[in-house]
Structure formats: structure tokens, C-alpha cells
Amino acid sequence: MTKERLFNYLVLFAALCSVIFLLGIIISIFVQGYPIFKEVGVLKFLFGKAWYPTQDPPEFGILSLIIGSLIVTIGALIIAIPLGIGSAIYLSEIAKSNTREILKPFIELLAGIPSVIYGLFGIVFIAPLTMRLFHLSTGLNAFTAAIILGVMVMPIISSLTEDAISSVPKDLREASYALGANKWETISKVVLPAAKSGVIASIILGLGRAIGETMVVLMVAGGAAIIPKSIFQPVRPMTSAIAAEMGESITGSQHFHALFGIAIALFILTLLFNLITESVRRKIKRYS
Amino acid sequence: MKKLIIIAAAIGLISSGCKPSPKNNNRITIAGSTTVLPIAQLAAEVFMDSHRDITISIRGGGSGVGIAQLLSGNIDIADASREIKPEELQIARQKGKNIIGTTIALDGIAVVVNKQNPLSEIDVNTLKNIYTGKINNWKMVGGLDRPVVVISRDIASGTFEVFKSKVLQGEKTTQTSLMLVSNKEIAGTVAQTPGAIGYIGIGFLTDEIKALKIDSIMPSTETVKNGTYKLARSLYMYTNSEPKQATKTFIDFVLSAQGQKIVQEAGYVPLY
């Protein structure tokens with residue numbers, strides 16, 4: 001009896017831990033970031049175009065950083081969604097079991113590669129390649145970063161989509177075939193719609209990974225704080241600005257608070273994405 | 001219940017073990033600039049070989065982090081690739097600390113271009129115009145018709161700080177300049193990019209890139225040491241009050257002939 005009680009408390013503690021950590025993180029970044037919103041102004045901070053935090057006088061406008069993050073993330077998803085969903089469909093619906101046994105570990109391995117290795121690969125291989133292929137003056141740009149992030153995110157979308165597809169009941173497929181639908185029709189009109197909420201969840205998870213990824217963008221996105229006119233220009237996503245500048249900023253300075261301000265913006269952005277997904281998923285559930 | 005006590009005790013033990021204890025006389029904790037890190041690491045390895053009773057633990061983090069940690073009393077030595085700032089000194093005064101800096105090495109910042117670039121020297125003014133975006137094609141300085149790819153160290157790095165004060169003189173870098181995080185990355189990118197210009201510590205010069213003469217002076221150990229090369233800086237170790245005991249022994253070691261040889265091995269310019 002007491003043992004059971006003790007166990008209950010222990011798991012309760014474990015469950016509470018995540019709440020405590022989350023609150024702790026939120027409180028600490030808001031406390032550190034709040035001063036910059038007060039000093040610069042929320043709108044000027046979010047929509048200011050110049051990021052010159054160490055200049056005298058400094059300028060703290062993060063619009064170019066936000067746009068940098070969005071461009072790289074959207075680019076990554078454009079690559080990762082078709083590849084991820086495509087490979088999931090192949091693995092769960094089309095591939096024979098031995099092909100599947102071979103392919104699946106590869107996708108899982110791809111998901112397990114540390115991001116710094118992706119970054120190195122980008123620097124020595126993808127960046128010079130894009131430079132030569134598109135006759136650019138530099139290969140460190142949003143395009144290169146998007147490609148690498150896309151490859152990173154692809155396995156996440158793939159494996160979660162596959163789970164969603166395989167949990168679609170067999171009856172649905174058989175009913176579809178019984179009505180005379182061929183394989184392609186069954187997959188596109190029956191299986192995928194039935195797995196929709198899981199597929200969307202996988203995309204959002206991938207999006208979260210892409211927008212939060214730091215190392216890769218730090219290494220290959222080029223780091224120029226500009227609002228790019230094309231995808232082939234360098235960008236400075238929010239995460240890379242925080243990672244690159246935190247170490248040398250003076251603790252408690254405006255710049256320091258501004259970096260926490262970026263963290264708050266990033267946090268709210270990801271929260272927004274999560275809320276949107278949740279509402280989309282609820283709607284899908286209601287109508288299906 | 002017994003288990004809970006054991007767990008609590010374990011947590012207590014772990015957390016007390018983790019606490020940094022700069023008071024311990026035979027333990028030196030160092031944090032700060034990643035530029036100084038290789039010197040500190042190499043020096044600590046050699047130092048601990050001959051001083052078995054002293055342990056040194058070293059972290060990077062950046063100059064700002066190092067100084068902040070020193071001010072909060074977590075570490076004994078803060079490595080810095082820039083001078084301590086007035087804001088930081090003010091915090092020190094508020095906390096009643098007397099921060100002392102020791103110059104432990106010199107560093108030259110070489111301006112580098114791709115090997116295909118025919119340019120071999122540049123003056124500070126032209127350099128400034130390139131970095132502020134007024135010159136954006138190599139033909140404007142007598143080179144090939146090729147857009148300039150401006151590469152800068154990250155705005156927060158000590159290297160950038162030096163470049164800012166000596167070259168930019170208060171002006172802003174062009175927004176389109178690439179901002180890369182390390183000397184090695186800049187060297188690699190310049191080697192791959194025909195139109196690139198960048199700046200790195202002279203320890204990171206390789207055969208794959210070309211260093212430019214600045215105002216007719218080639219960056220080298222000699223020109224940095226005798227002060228003729230303009231883009232040079234000092235590297236520091238900051239301590240709280242005059243270094244004492246183990247900390248003093250270590251800093252004295254870095255300043256000794258053997259220590260300065262390590263400075264050179266790490267790719268920097270020794271003081272003498």
C-alpha cells in the first residue's frame with residue numbers, strides 16, 4: 001500500500017516537473033526580455049528593420065530576423081512535406097515488407113544525426129554547390145539553409161505520417177477497393193484524409209523543429225540581418241542571432257535584454273503555430 | 001519512505017557537488033572568450049603536469065559571459081578578447097569588486113581575400129568603404145568585375161569589436177555582410193568564395209587564402225609585436241583583485257617564457 005502511494009507521488013512529481021520547468025523558462029525569459037520592450041517599444045522592436053545591437057547608438061529592430069526565420073522554415077517545409085509524406089505513403093502502403101525493413105532504418109538514422117553534422121555537410125558540400133549551380137556570389141544563404149533543414153525535418157514528418165497512416169483501419173481500405181477504387185485512389189481519397197490530423201500534427205512538429213533549429217542556420221544561413229529580396233540572399237534567423245550574440249553581450253545590457261526579447265518573439269511564434277494546429281486538428285476531428 | 005530519503009540525499013549530494021567553489025585554493029575555474037580558450041587550454045594542460053596539486057577547469061562562453069561570471073563570483077579567471085567595458089566596471093564597483101586585467105598575449109587581425117583575387121594590399125580607408133558598402137564591386141578598387149562578398153565576424157565577438165574601432169570608426173557594416181561565427185568558418189568561406197573578403201586572427205591564416213597588406217604592412221608576428229601592423233589587439237585574463245595563490249601561479253606561468261611559447265603554439269602573438 002505505502003509502496004503504491006510512494007509510486008504515485010513519484011510519478012506525480014515527474015509529471016509536475018515539466019510544468020515547473022515550462023513555467024520557469026517562461027518566467028525567466030519574460031523577466032529578462034521585458035526591459036527591451038519597455039525601452040524600445042513593442043512595435044519598434046518587432047517591426048524595426050535595422051539590427052545593430054552593438055552600434056552607438058544601437059538599433060534593435062528584429063523584423064529582418066523574424067523574416068529570416070520564416071523564409072528558412074517555409075523553404076524547409078516545401079522540401080520536407082512532399083518528401084516526408086511521399087516516403088511515408090511508400091513505406092506503409094506500397095513497399096514490400098523487406099524493402100520497408102531496409103528503408104525504414106535509414107530514415108530513422110537520418111533523424112538521429114546531430115544538427116552540427118548537418119551544418120558541416122552544408123558548409124563543405126551544399127553551400128559550394130549552390131554557389132556554382134546558381135552562379136551566386138556566396139552559397140551561405142537562405143536557400144542552402146532551407147535545403148538542409150528540409151532534409152532534417154523530412155524524417156520527422158515521414159515517421160509520424162507513417163504512424164498516422166498505419167493506424168487507419170484496414171476496413172476503410174478494403175471498403176474502398178470493394179467499391180472499385182484503385183490503389184492510388186484509395187491512398188489519396190481514403191487513407192490520407194482519414195489520417196489527416198496525424199499528418200498535420202507531423203507537419204507542425206517538423207515546423208517547430210525547423211524554426212527552432214539553431215546550429216544549422218548559424219553555420220549556413222550567412223547571418224546577414226537583411227530582409228532578403230530573394231531566397232538566394234543570406235539571412236539571420238532569430239535562433240542564430242541569439243546563439244551568436246549571447247556569449248559576448250554584457251549581462252544586463254540592452255543588447256542582452258534584446259536577445260531575450262527575440263526569444264520571447266520566437267516563443268510566441270511557436271506557441272501561435274501550436275495553437276493553430278490544435279484548432280485545425282479539432283476542426284478536422286469534428287467533421288470527420 | 002526510506003527510498004525517498006535516499007533520493008533526497010542523492011540530490012543534495014549532487015547539487016552540492018555541482019556548486020562552483022572558487023574559494024578552494026587548489027582549484028582554478030576559468031571561463032570566457034573563445035579566442036583565448038585555446039591558449040588557456042594548452043597552458044592549463046602543461047601547467048597541471050608540473051603542478052599536480054592544482055586542478056584547472058576551463059569553459060568558453062565568450063568574453064561577456066566570462067566577465068559576468070567573474071563578477072558574480074563563480075569563477076577565478078575571466079578570459080577576454082576585449083577590454084572590460086565601463087558598464088561592466090560599474091557593476092564591479094557596485095559589488096565592491098576590484099577587477100584587474102592582465103595582458104597575456106597579442107593578436108593580429110588579418111584581412112583576407114580569395115586566392116583568385118589579384119589585390120595584394122589595401123588601405124584602412126578603402127577597407128572601411130568596402131565594409132560600409134560604399135565599394136561593392138572589386139573593379140572599383142582595380143580588381144576584376146565581381147561583386148564583393150563582405151564577411152564579418154559576428155557583431156558580438158571581440159574580433160569584431162577591434163575591427164569596428166580600428167576600421168569602421170563608428171560607422172555601420174553594410175546590412176548585406178555575411179556574419180559568421182568563427183575564424184575557421186571565415187577562412188573556409190573565403191577560400192571557397194572568389195569575391196569574398198573577411199578578417200581573421202593571424203593564427204588562422206592558411207595557404208588557401210591570401211592576407212592583404214594593410215597600409216603596406218604585412219600582418220605577421222613581428223609586425224604585431226613591434227606595433228607597426230595596425231589591426232592588432234591584446235588578449236586578457238581578468239581576476240577579482242590582484243591574482244593570488246594558485247591563480248597567480250597560473251597567470252605567472254602564462255606570462256613566463258614557457259607560457260608565451262604556448263601562446264605562439266596556439267596561433268597568437270607572444271608578448272615578448
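Structure: above.
A brief look at the structure comes next. Being a predicted model, the structure only gives us computed values, none of them experimental.

## Remarks on the pattern of salt bridges
- Evaluated as defined, the whole model comprises 15 salt bridges over all chains.
- For E108 of chain A, the salt bridge is made with K104 of chain A, and the minimal N-O distance between the two is 3.9 Å. Of this pair, E108 of chain A and K104 of chain A both sit in helix α4 (residues 97–112), separated by 4 residues, roughly a single helical turn.
- Of the charged contacts in the structure, one is a salt bridge between D107 of chain B and R233 of chain B, with a shortest N-O distance of 3.0 Å. Here D107 of chain B, found in strand β4 (residues 99–114), pairs with R233 of chain B, found in strand β11 (residues 232–240); they are 126 residues apart in sequence, far enough to count as distant. Residues D107 of chain B and R233 of chain B agree in their burial class; the two are buried.

## Describing the pairing of strand β8 (residues 196–201) of chain B
Residue and element names in this part refer to chain B.
- In terms of burial, β8 is a largely internal element, 6 of the 6 residues being buried.
- As judged from the 5 bridges shared by β4 and β8, these two strands associate in the antiparallel manner. Bridge assignment links V111 to a residue of β8, and that residue is Y199.
- Bridge analysis of strand β6 (residues 149–153) against β8 gives 2 bridges, and the strand direction is parallel.

## Details of empty space enclosed by the protein
- Within the structure shown, the criterion is met by 4 cavities of 30 Å³ or more.
- Estimates place the volume of the largest cavity at around 90 Å³.
- Around the largest cavity, the lining residues are W51, Y52, G223, A225 and R236 of chain A together with I155, T173, T174, Q175, S177 and M179 of chain B.
- Considering only residue class, the lining of the largest cavity consists of 5 nonpolar, 5 polar and 1 charged.

## Considerations on the nonpolar core
- Membership of the largest hydrophobic core comes to 104 residues, with the highest contact counts inside it found for W51 and I262 of chain A together with L127 and I197 of chain B.
- Here I262 of chain A is in contact with F45, W51, I62, L65, M238, A241 and I242 of chain A, once residues within four sequence places are set aside.
- Within the second largest apolar cluster, 24 residues are counted, among which are A44, F47, I104 and I251 of chain B.

## Side note on the packing of α4 of chain A against helix α6 (residues 142–166) of chain A
Residues and elements named next belong to chain A.
- Orientation of α4 relative to α6, taken along the N-to-C sense of each, is 130°, at an axis distance of 8 Å. Between α4 and α6, the crossing angle belongs to the class labelled oblique. Crossing handedness for the pair α4 and α6: left-handed. Listed contacts from α6 to R100, K104, I107, L110 and A111 of α4 are V151, M154, P155, S158 and E162.

Conventions and cut-offs
- Residues numbered from 1 in each chain as written.
- Chains lettered and ligands numbered in written order.
- Predicted model: local features only at pLDDT ≥ 70, side-chain atom pairs only at ≥ 80, totals over all residues.
- Heavy atoms only, no water.
- Salt bridge = Lys/Arg side-chain N within 4 Å of Asp/Glu carboxyl O.
- Helix = DSSP H or I, 4+ residues; strand = E, 2+ residues; numbered from the N terminus.
- Buried < 20%, exposed > 50% of the residue type's maximum accessible area, 1.4 Å probe, protein only.
- Pairing = 2+ DSSP bridges.
- 1 Å grid on protein atoms, 1.4 Å probe; cavity = no way out; pocket = protein on both sides within 12 Å on 5 of 7 lines; lining within 4 Å.
- Points joined across faces, edges and corners; volume = space filled by probe spheres on them.
- Nonpolar A, V, L, I, M, F, W, Y, C, P; charged D, E, K, R; others polar.
- Core = buried A, V, L, I, M, F, W, Y, C linked by side-chain atoms within 4.5 Å.
- Contact = heavy atoms within 4.5 Å.
- Axes fitted to C-alpha atoms, helices over the stretch in contact; angles between N-to-C directions.
- Parallel < 35°, antiparallel > 145°, perpendicular 65-115°, else oblique.
- Left-handed = near helix turned anticlockwise from the far one by under 90°.

None of this, on its own, says anything about what the molecule does.
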